[in-house]
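Working through the structure, step by step
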Amino acid sequence: MNGANRGRLFLENAAKAAAGTHSVSDTGELLSALGRVVAIDSPVYCPGVTALEKAVASIFPVRAADYTSAAVTVEEVFGAIAETGTLVCSSEGGRAVQAGLLPAHHVAIVRRDRIFDTLDDFFAAVCGAPPTNLTLVTGPSRTADIELTLAIGVHGPERLDIILV
Amino acid sequence: MNVLLFGTCLVDTFFPEAGEATVRLLRRFGAEPVFPKGQTCCGQPAFNAGYEEAARAAARRFLWEFDGDEPIVTPSGSCAAMVKHHYPLLFRDAPELFAKAKRAGERIYELTQFLVRVARAHEAGLRGKGTVTYHASCHLTRTLGVREEPLKLLSSLKGATFLPMPDADRCCGFGGTFMAKLPEVSCALADEKAASIEATGADTVTGCDSGCLMNISDALRRRGTTIRVAHIAQLLAEGL
Amino acid sequence: MSPGQTSLAFRENTVLALKDPALRAAMRQATDTFGTKRADAFAPVAGLEALRDRASAIREDVLSNLPMYVERFVASATRAGAVVHRANDAATAREIIRKILAGRGARRIVKGKSMVSEEVDLNSRLEAAGMEVVETDLGEYIIQMEGETPSHIIVPAIHKNRRQVGRLFADRLGVPFSDDPQVLTKIARKALREKFLSADAGISGANFAAADTGSLVLFTNEGNGRMVTTVPPLHVAILSIEKMIPSLTDLPAFIRLLPRSATGQPITSYVSVLTGPRKAGDATGAKELHIVLLDNGRTEILAGESRDILKCIRCGACMNVCPVYRAVGGHAYGWTYPGPMGIVLTTLLTGMKESHPLVDASTLCGACVDVCPVRVPLVDLILGLRRRKVREGFAHPAERRGMEAFGKVAASPALFGLGQRLAGAFWPVVRALGGKDVAGRMPAPAKTPLRRRLP
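Residues numbered from 1 in each chain as written. Chains lettered and ligands numbered in written order. Predicted model: local features only at pLDDT ≥ 70, side-chain atom pairs only at ≥ 80, totals over all residues. Heavy atoms only, no water.

**Let's talk about a nonpolar patch on the surface**
All names here are of chain C. Quick note on the threshold: Each patch is built from residues that are more than 30% exposed by relative accessible area and take part in no salt bridge. Like charges join if they lie within 9 Å; nonpolar side chains (Val, Leu, Ile, Met, Phe, Trp, Tyr) join within 5 Å. Here the open area of atoms and residues is found with the Shrake-Rupley method and a 1.4 Å probe, where only the protein chains shown may cover a residue. What makes a salt bridge here is a side-chain nitrogen of Lys or Arg within 4 Å of a carboxyl oxygen of Asp or Glu, nothing more. Strands here mean DSSP runs of E at least two residues long; helices mean DSSP runs of H or I at least four residues long; both are numbered from the N terminus.
A cluster of nonpolar side chains, contributed by Leu-415, Leu-418, Leu-422, Phe-426, Val-429, Val-430 and Leu-433, occupies part of the molecular surface with about 630 Å² of accessible area. Mapped onto the nonpolar patch, the elements with two or more residues apiece are helix 21 (413-425) and helix 22 (427-434). Within the element layout of this structure, Phe-426 appears in the loop between helix 21 and helix 22.

In structure tokens form, the structure reads like this:
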């Protein structure tokens, strides 16, 4: 699969799982996308560690000190899997995977060259020495425990936005 | 050609008309049915309840009566499945009977299997009347894999309208010994099946297994419904 | 034998269940919905049979080499920093876990859904030791509040309708009544958030355990599983030994099959792969990870004729299509595991003496065999247990005598013919004796049976 198709397939499948999806080609567009999805006065947690995170951290007027008090986490994630529209969050490099779990809104930035075609490709790549925590995230949290009626937003995020760069 | 007819204990004892209809159908399509007089029961009731010895006793009688090379035809999906699927297991320790069991399994046809695959009866322009719906019995459908044949036959009936039933292959609750062991659940399942049948609006319900049809009849009777319940053999034979 | 098990009263349980219109309606709606969702989810999947074959083969390999995979897992998980405990039985598992928690002074425990923890009756042991155990999966939260046990292995509160849940929350949480699932979910989110953040320990199960890397794999949707396993400083995972898979590279087959089979989703919202506790340089994970591997009879099952039940990956597809489960719900089965896989596993784990009525809880329709993603031969397993039931003397004496007589009659055409005549002649008597349950539902024998009509 070529890169463009991979990105498209990934976002298509992510959207089917009720994730908001955005595709941008540069930092400028990334900032615009963030401006659209993040409410202006929300306390935002952004780790500010990766280059992309550093590039966007300053645009948020209200910054949360940590993810437990944030309304939104904006972060770059490890990668993605096109087959299922899945984000990969990894604890490698001191990343706090819970940052994308506790706040009600998770905005995940993922680089195009970090998309795996299939689940097999992904697990083949990580099966040797997995980090402490690898979490595959597909859409926001959900349940159908009451009468099998789908309810989005349970203990994890109620809203997931993915920005593909 | 000669075929050996296995009536089945239920048809023999309670629904002989279905057996006679089977004979007429086979003759119409060039098969001369021979009814080995010593036949009894395929042994399913005992086998399903966990009584291997009793099941073996019945199976030995079957293999004796139906020894040979001719096709065996039976108006029952569950009995054909019993012979095909479970007889070899019963004789795993008796090589000669094991061989006969395997051979019998290869020779046996459920009636609609024979009518469609061998006799091409669905192309013969059989006649029918009224509206018919179909209950797909569990062993017939899932163990034998007979799904299309009854449908082909029913939709070929000129003058009859076939009305498919939702969840046609959902269990009717007969389950052989199940109806005796858990009669309340059995009745509840039969009631639901009866409701599905009634919902089609058909004046007749048919199927390939008398056990199911008997259970369905009882449910319809309890509900005060006057839908006709007829074995597919009878329905098809009426159209000859 | 398990405290509170009511499998011996299966028939009575079904009679009660059948008289409960709310339960019947809930079960009908649920199983209809499951059926549609599963079918829709698998419709676009090319090569489903090949996928099932692959998953089945992986599980077969695991069972054929289980002690080896378990040893390998223990070594890998230990290398990754987890403390691994082997629990031979339920009592040992309970005690190991109680001791770990008590040793850390844990008072508030948050728990993810774990059928194995129900199997060993963990909660009551911990509560008896003065700990607060909070079930955080929404379905488990509901039934814990109600004081009930789960009635389905994936959707524990499926027997309840929205009004019942609304009334429960209004009564126990003092919130205004609502029967809107969205509102009820938000109420639970709020109520449980502070429990997660203040818990001393989290207990979870695991869907799979990868032997190569010592990783635990959890398939979840709500986020509670993620909270429970990473937020509190101590994480205790309990799982039964047959949950092994050789390697993380075996996961894709199960990711493609399990969520679709269970709830009709292409993938669960979260698949967590947890390898050891927090290490130097990590900002994620419990500081301590204890893994309890439970046997509780599985090694014995593995050596017997019913071993294939251990292939089960706990997706729930079998119970979703079972006509008996649909009619009576999960509580009737009387123990942790209901439906077709429940018949087999309950009988094997708790013993024929405590469970034998369950082996009759099937019409042998085979719908379960059609949907099992790993090809567990459920009908054959149930038949095997019925044979065992008879061999071990748990069959009703009247039935034994009846079947012995059947064998003689079926072996002899003369006796068979005689039997037909007698049944025909004395049908009213047979009906009266045999009862309305059976003979009452059958027509009288034909005056002339088939064998006397044909040449």
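**Observations regarding the pattern of salt bridges**
Residues and elements named next belong to chain B. Applied cut-off: Throughout this description, buried means an accessible area under 20% of the type-specific maximum (1.4 Å probe, protein chains only), exposed means over 50%, and partly exposed covers the range between.
Counting across every chain of the model gives 63 salt bridges over all chains. With a shortest N-O distance of 3.1 Å, Glu-52 and Arg-92 are connected by a salt bridge. Of this pair, Glu-52 sits in helix 4 (residues 52-65) while Arg-92 is found in the loop between helix 5 (77-90) and helix 6 (95-107), placing the two residues 40 residues apart along the sequence. Residue Glu-52 is classed as buried on the basis of its relative accessible area, which comes to 14%.

**Things to note about the interface of chain B and chain C**
Note the threshold: Every residue pair with non-hydrogen atoms within 4.5 Å of one another is taken to be in contact. Defined here as a combined quantity, buried area equals the accessible surface (1.4 Å probe) lost by two parts on assembly, summed across both. A 3.5 Å cut-off defines polar contacts: any pair of N or O atoms within that distance qualifies, except that in protein one atom must be a possible hydrogen donor and the other a possible acceptor, and neighbouring residues in sequence count only when both atoms are side-chain atoms. Note on residue classes: Ala, Val, Leu, Ile, Met, Phe, Trp, Tyr, Cys and Pro are nonpolar, Asp, Glu, Lys and Arg are charged, and everything else, Gly too, is polar.
Tallying the contact residues gives 61 residues for chain B and 57 residues for chain C. For the pair chain B and chain C, the summed buried surface comes to about 4900 Å²; carbon and sulfur atoms form 64% of the total. If you sort the residues of chain B by the area they bury against chain C, Phe-14, Tyr-51 and Lys-181 of chain B come out on top, with a joint share of 13%. Along the contact surface separating chain B from chain C lie eleven salt bridges. Here Arg-453 of chain C makes a salt bridge to Glu-20 of chain B, at a shortest N to O gap of 2.8 Å. The interface formed by chain B and chain C holds 25 residue pairs in polar contact (both at pLDDT 80 or more) in total. Per element, the largest residue contribution to the side of chain B that touches chain C is eight residues, and it comes from helix 11 (residues 183-200) of chain B. Among the residues making up the side of chain B that touches chain C, the classes are represented as 30 nonpolar, 16 polar and 15 charged.

**Here's the deal with the sheet that holds strand 4 (residues 108-110) of chain B**
Residue and element names in this part refer to chain B. We apply this condition: Note on pairing: DSSP must find at least two bridges between two strands before they are called paired. Orientation is described by axes fitted as lines to C-alpha atoms, over the contacting stretch for helices, and by angles from 0 to 180 degrees between their N-to-C directions.
Strand order in this open sheet of four strands is 2-1-3-4, and the pairing throughout is parallel. Here the strands that pair on one side only, and so sit at the sheet edges, are strand 2 (32-34) and strand 4. On average, each strand axis in the sheet is inclined to that of its neighbour by 35°, with strand direction left out of account. Sheet strands in contact with helix 6 are strand 1 (2-5), strand 3 (72-74) and strand 4, and its direction is about 40° off that of strand 4. Across the sheet, helix 7 (residues 111-118) is in contact with strand 1, strand 3 and strand 4; its angle to strand 4 comes to roughly 95°.

**So, the side chain of Ser-90 of chain A**
Residue and element names in this part refer to chain A. Within the fold, Ser-90 resides in strand 5 (residues 86-90). On the accessibility criterion, Ser-90 (7% relative accessible area) is buried. A distance of 3.0 Å separates the side chain of Ser-90 from the backbone nitrogen of Glu-92, its partner in a polar contact. Excluding anything up to four places from it in sequence, Ser-90 contacts Phe-78, Arg-95, Val-97, Pro-131, Asn-133 and Leu-134.

**Structural notes on the pairing of strand 6 (residues 105-110) of chain A**
All names here are of chain A. Most of strand 6 is tucked away, with six of its six residues classed as buried. Neither face of strand 6 is exposed, since His-105, Val-107 and Ile-109 on one face and His-106, Ala-108 and Val-110 on the opposite face are all buried. In terms of strand pairing, strand 3 (residues 72-76) meets strand 6 through five bridges, oriented parallel. Bridging across to strand 6, Thr-73 finds its partner in His-106.

**Describing the sheet that holds strand 8 (residues 133-137) of chain A**
The strand order across the open sheet built from eight strands is 7(A)-4(A)-5(A)-8(A)-9(C)-6(C)-5(C)-8(C), with neighbouring strands paired in mixed fashion. Single-partner strands in this sheet number two, and they are strand 7 (115-116) of chain A together with strand 8 (244-245) of chain C. Relative to strand 8 of chain C, strand 5 (residues 208-210) of chain C is paired through two bridges, and the arrangement is parallel. In the strand pairing of strand 8 of chain C, Ala-210 of chain C is matched with Ile-245 of chain C. Packed on one face of the sheet, helix 4 (residues 119-126) of chain A meets strand 4 (79-81), strand 5, strand 7 and strand 8 of chain A together with strand 9 (270-274) of chain C and runs near 170° to strand 8 of chain A. Sheet strands in contact with helix 12 (residues 251-263) of chain C are strand 8 of chain A together with strand 5, strand 6 (215-220), strand 8 and strand 9 of chain C, and its direction is about 25° off that of strand 6 of chain C.

**A closer look at the interface of chain A and chain C**
Taken together, the contact between chain A and chain C spans 51 residues of the former and 63 residues of the latter. For the chain A and chain C pair, buried surface summed over both sides reaches about 4500 Å², with 56% attributable to carbon and sulfur atoms. Connecting chain A to chain C are five salt bridges. Our count for the contact surface shared by chain A and chain C stands at 33 residue pairs in polar contact (both at pLDDT 80 or more). Sorting the residues of the side of chain A that touches chain C by element identifies helix 4, strand 8, strand 9 (142-143) and strand 10 (151-152) of chain A as the ones contributing at least two each. Considering every element that reaches the side of chain A that touches chain C, the biggest residue donor is strand 8 of chain A, with five residues.

**Re the nonpolar core**
Residues and elements named next belong to chain C. Our working rule: Buried residues of nine kinds, namely Ala, Val, Leu, Ile, Met, Phe, Trp, Tyr and Cys, make up a nonpolar core once their side-chain atoms join them within 4.5 Å.
Counting 226 residues, the largest nonpolar core has Leu-101, Leu-216 and Ile-309 as its most contacted members. Those residues in contact with Leu-101 that sit more than four places away from it in its chain are Ala-106, Ile-109, Leu-126, Met-131, Ala-201, Ile-203, Leu-234 and Val-236. Formed by 22 residues, the second largest nonpolar core is a distinct cluster that contains Val-110, Tyr-141, Val-165 and Leu-192.

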